[in-house]
Amino acid sequence: MSKKSTLDMTKGNPLPILVRFAIPLILGSLFQQLYSFVDTAIVGRCIGAQALTAVGVTGSLNFLGLGFTMGCAMGFCIPFSQAVGAGNAEEVSRNFWNGLYLCLGIGLTISLGVSLFTRPLLRMMKTPADLLDMAVRYLTIIFVGQITTVLYNYFAGVLRAFGDSQRPFWFLILSSCVNVVLDLVLILVIPLGVAGAALATVISQAISVGLCVWWLATKMDMIRRRNDAGEPLTTVSTSRMKKICVVGMPLGLEYSVCSIGNVVLQSSINSLGSVVAAAHVCGEKIRAIATLPVESLGTAVATYAGQNYGAKRIDRIKDGIKAGLTIVAVYSAVAWAALLVLNLMSPLWNEKIGIALNAALVIVSAPMVCSNFYALPLFLWGMLLAAAFKKN
C-alpha cells in the first residue's frame, strides 16, 4: 500500500487531520462544479438555451436515483474503514467483495429499471412541453449509465477508507477533462445534441472507474481474493451483506428523502415556465458550490470515525465530531456572507442572474445561518454508522 497517499486517522490532532483529508475532497467537489459550469456553457452555446434548460430540469430527478446509490455506496464503506482501522486484512477483503456485489446489484437495478420510466416521471414533474423530448433523451442515457457512477463512488469510498483522498481527486480531475473533450466531440464534431452530453458524462465516469480498479488492484495489497491459507475471500455472504446494508441503506434513504423534496420543488418551478426554470438551474449550481464542501467534510468525518472505531479509539470520535463542527461553522458563516454580498450586487447583473442569486441565497440561507444543525447529521454519520456494528 502506498504510504504517501494514505492517512492514519487514529493518531494525532483531529483538526489538522480532518483538514488535510478533506482538502482533496473539497477541491474535487469544487472542480466537479467548475467542470459542470463548463459543461453547461458548452451545451448552452453549442446547442442552445432550450437544451441547457432541458438538461438542468433533469437534475433533481437524476439525483433521486443517484442520491440513493451514492448514499448506499458511502455507507457500505463504513464497515470497510472499521476493518482498515483494526488492521484486519481478511475482514477488509470480505467487506470489499460483498459491498461490491451489493453495489452492482443496486446499480444495475437503478440503471435498467428507472431508465424505462423517464418520460412519465418528467411529465409528472410538469416539465415544459418544449423541453420534454430533450430531457427524456438526456436522462435516459444518464440512468442507463448510472452503474458507472455507483461503482466510482464505491471505489472512491474504499480508497478514502484507507485514508487516501488524493487518488480519487486526481482520477476525478482526469475524467472531468475527458468529459469536456468528449462534450466538444459529441456535440460539435458528431452533432448528437443533448444525447452527446449525456454520453460524454457516462464514458468519462467509466474511465474514472477503470482508474480506481487499476489502483486498487495494483497498489492496495490488503484487498485479496484468497487468504494465506488459500481460502477464498470473494465468497458471497448473506449475513455480511445484511450487516453492510444495515449501515448503507439508511444513508441511501436519507439522500433519497432530500431528493424527493428537490423533485417536488422542481415540479413547482417547472410550472412557472422555462425562464424561471433556467434561472433556478443557475441558482442550484451556485448553491452546490456553497454546500458541497460541507458534505465533503461530512465524508471525511465518517471515514475518521470508521478508522478510529475499528482501532477501538472511541474517545477520538467525539473529538473528531467537535473538530468537524468547528470547521463547518466557520466555513458556513463565510460562505453565507459571500452569497449575501453577491445577492446585494444583483441589480448590477441581468434579470436571470439576479433571480439565480436570489434563489441560491434563499436555498442556502437557513442551513448556513444554522450551520451546526445542517452539518450535524453529516457528522453523526461518522459516530452512528461507525457504531452500527457494535452489537456484532
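Residues numbered from 1 in each chain as written. Predicted model: local features only at pLDDT ≥ 70, side-chain atom pairs only at ≥ 80, totals over all residues. Heavy atoms only, no water.

1. Observations regarding the overall build of the chain
Now for step 1: Looking only at helices and strands, one finds 14 helices and zero strands in the chain.
Now for step 2: Taken from N to C terminus, the helices and strands of the chain fall in the order α-α-α-α-α-α-α-α-α-α-α-α-α-α.
Now for step 3: Per-residue burial for the chain yields a buried fraction of 54% across its 392 residues.
Now for step 4: When contacts within the chain are restricted to residue pairs at least 6 apart in sequence, those whose partners lie at least 24 apart make up 83%.
Now for step 5: With the model as given, the accessible surface of the chain reaches about 17,200 Å², and the carbon-plus-sulfur share is 69%. (Helix = DSSP H or I, 4+ residues; strand = E, 2+ residues; numbered from the N terminus. Buried < 20%, exposed > 50% of the residue type's maximum accessible area, 1.4 Å probe, protein only. Contact = heavy atoms within 4.5 Å. Areas by Shrake-Rupley, 256 points an atom, 1.4 Å probe, with all protein chains shown as cover.)

2. What to know about the pattern of salt bridges
Now for step 1: Inspection of the entire model under this criterion finds five salt bridges.
Now for step 2: Residues Arg119 and Asp133 are paired through a salt bridge, measuring 3.2 Å at the closest nitrogen-oxygen approach. Placement of the pair is Arg119 in helix 5 (residues 118-124) and Asp133 in helix 6 (residues 129-144), with a sequence separation of 14 residues.
Now for step 3: Ionic pairing is found between Arg313 and Asp315, a salt bridge with its closest N-O pair at 3.7 Å. (Salt bridge = Lys/Arg side-chain N within 4 Å of Asp/Glu carboxyl O.)

3. Considerations on the environment of Leu104
Now for step 1: Along the chain, Leu104 falls in helix 4 (residues 89-114).
Now for step 2: Residues Leu104 and Val150 lie 46 residues apart in sequence; the distance between their C-alpha atoms is 7.9 Å.
Now for step 3: Ignoring sequence-local partners within four residues, the contact set of Leu104 consists of Ile147 and Leu151.

4. As for the nonpolar core
Now for step 1: Core analysis: the biggest nonpolar cluster contains 40 residues, and Phe80, Phe96, Tyr154, Phe155, Val158, Phe162 and Ile223 have the highest contact counts within it.
Now for step 2: Where this core is concerned, the elements lending two or more residues are helix 3 (59-86), helix 4, helix 7 (146-161), helix 8 (166-189), helix 9 (194-219) and helix 10 (238-270).
Now for step 3: For Tyr154, the contacting residues outside a window of four places in its chain are Ala73, Phe76, Cys77, Asn95, Phe96, Gly99, Leu100 and Cys103.
Now for step 4: Residues Leu61, Phe143, Ile187 and Ala197 belong to the second largest nonpolar core, which totals 23 residues. (Core = buried A, V, L, I, M, F, W, Y, C linked by side-chain atoms within 4.5 Å.)

5. Remarks on the packing of aromatic side chains
Now for step 1: All told, the structure shown has eight aromatic pairs when counted by the stated rule.
Now for step 2: Here a set of aromatic residues connected by ring pairs shows up, and it is made of Phe80, Phe96, Trp97, Tyr154, Phe155 and Phe162.
Now for step 3: The ring of Trp215 has Arg167 lying over it, and the distance from NZ or CZ to the ring centre is 4.1 Å. (Phe/Tyr/Trp six-rings, centres within 6.5 Å; stacked < 30°, edge-to-face > 60°. Lys NZ or Arg CZ within 6 Å of the ring centre and 35° of its normal.)

6. Some points on the side chain of Thr127
Now for step 1: By the secondary structure assignment, Thr127 is in the loop between helix 5 and helix 6.
Now for step 2: Since its relative accessible area comes to 9%, Thr127 is described here as buried.
Now for step 3: Within the local environment of Thr127, its side chain forms a polar contact with the backbone oxygen of Leu122, the two atoms lying 2.8 Å apart. (Polar contact = N/O pair within 3.5 Å; in protein donor to acceptor, adjacent residues only side chain to side chain.)

7. Things to note about the confidence of the model for the chain
Now for step 1: On average, residues of the chain score 76 in pLDDT, and 78% of them are at 70 or above.
Now for step 2: When the elements of the chain are averaged for pLDDT, helix 14 (residues 371-386) gives the smallest value, 44, and helix 9 the largest, 88.
Now for step 3: Confidence drops under pLDDT 50 across residues 363-392; counting only partners more than four residues distant or on other chains, this segment forms 71 contacts. (pLDDT = per-residue confidence, 0-100.)

8. As for the side chain of Thr149
Now for step 1: Position of Thr149 among the secondary structure elements: in helix 7.
Now for step 2: Residues within four places of Thr149 in sequence aside, it is in contact with Leu66 and Gln205.

9. Some thoughts on a nonpolar patch on the surface
Now for step 1: A cluster of nonpolar side chains, Val181, Leu184, Val185, Leu188, Val189, Ile190, Leu192, Leu199, Ile203 and Ile207, forms an exposed patch at the surface whose accessible area comes to about 790 Å².
Now for step 2: Breaking the nonpolar patch down by element, the ones donating at least two residues are helix 8 and helix 9.
Now for step 3: Top contributing element to the nonpolar patch by residue count: helix 8, with five residues.
Now for step 4: Inspection of the secondary structure puts Val189 in helix 8.
Now for step 5: According to the relative accessible area criterion, Val189 is exposed, its value standing at 64%. (Patch = residues over 30% accessible without salt bridge, like charges linked within 9 Å, V, L, I, M, F, W, Y side chains within 5 Å.)

10. What to know about the packing of helix 7 against helix 8
Now for step 1: At their nearest, the axes of helix 7 and helix 8 sit 8 Å apart, and the two run at 145° to each other. Residues Tyr152, Ala156, Leu159 and Arg160 of helix 7 form the contact with helix 8, whose own contacting residues are Arg167, Pro168, Phe171 and Leu172. (Axes fitted to C-alpha atoms, helices over the stretch in contact; angles between N-to-C directions.)

11. Overview of the environment of Thr238
Now for step 1: When you line up the elements, Thr238 lands in helix 10.
Now for step 2: Overall, the relative accessible area of 65% leaves Thr238 in the exposed class.

12. Examining the packing of helix 2 (residues 49-56) against helix 6
Now for step 1: Contact pair helix 2 / helix 6: the axes reach a minimum separation of 8 Å and the direction vectors enclose 60°. Between helix 2 and helix 6, the crossing angle belongs to the class labelled oblique. The interaxial crossing formed by helix 2 with helix 6 has right-handed handedness. In this structure, helix 2 uses Gln50, Ala51, Thr53, Ala54 and Val55 to contact helix 6, whose residues at the interface are Asp130, Leu131, Met134, Ala135 and Tyr138.
Now for step 2: Looking at the contact of helix 2 with helix 6 residue by residue, the classes come out as seven nonpolar, two polar and one charged. (Parallel < 35°, antiparallel > 145°, perpendicular 65-115°, else oblique. Left-handed = near helix turned anticlockwise from the far one by under 90°. Nonpolar A, V, L, I, M, F, W, Y, C, P; charged D, E, K, R; others polar.)

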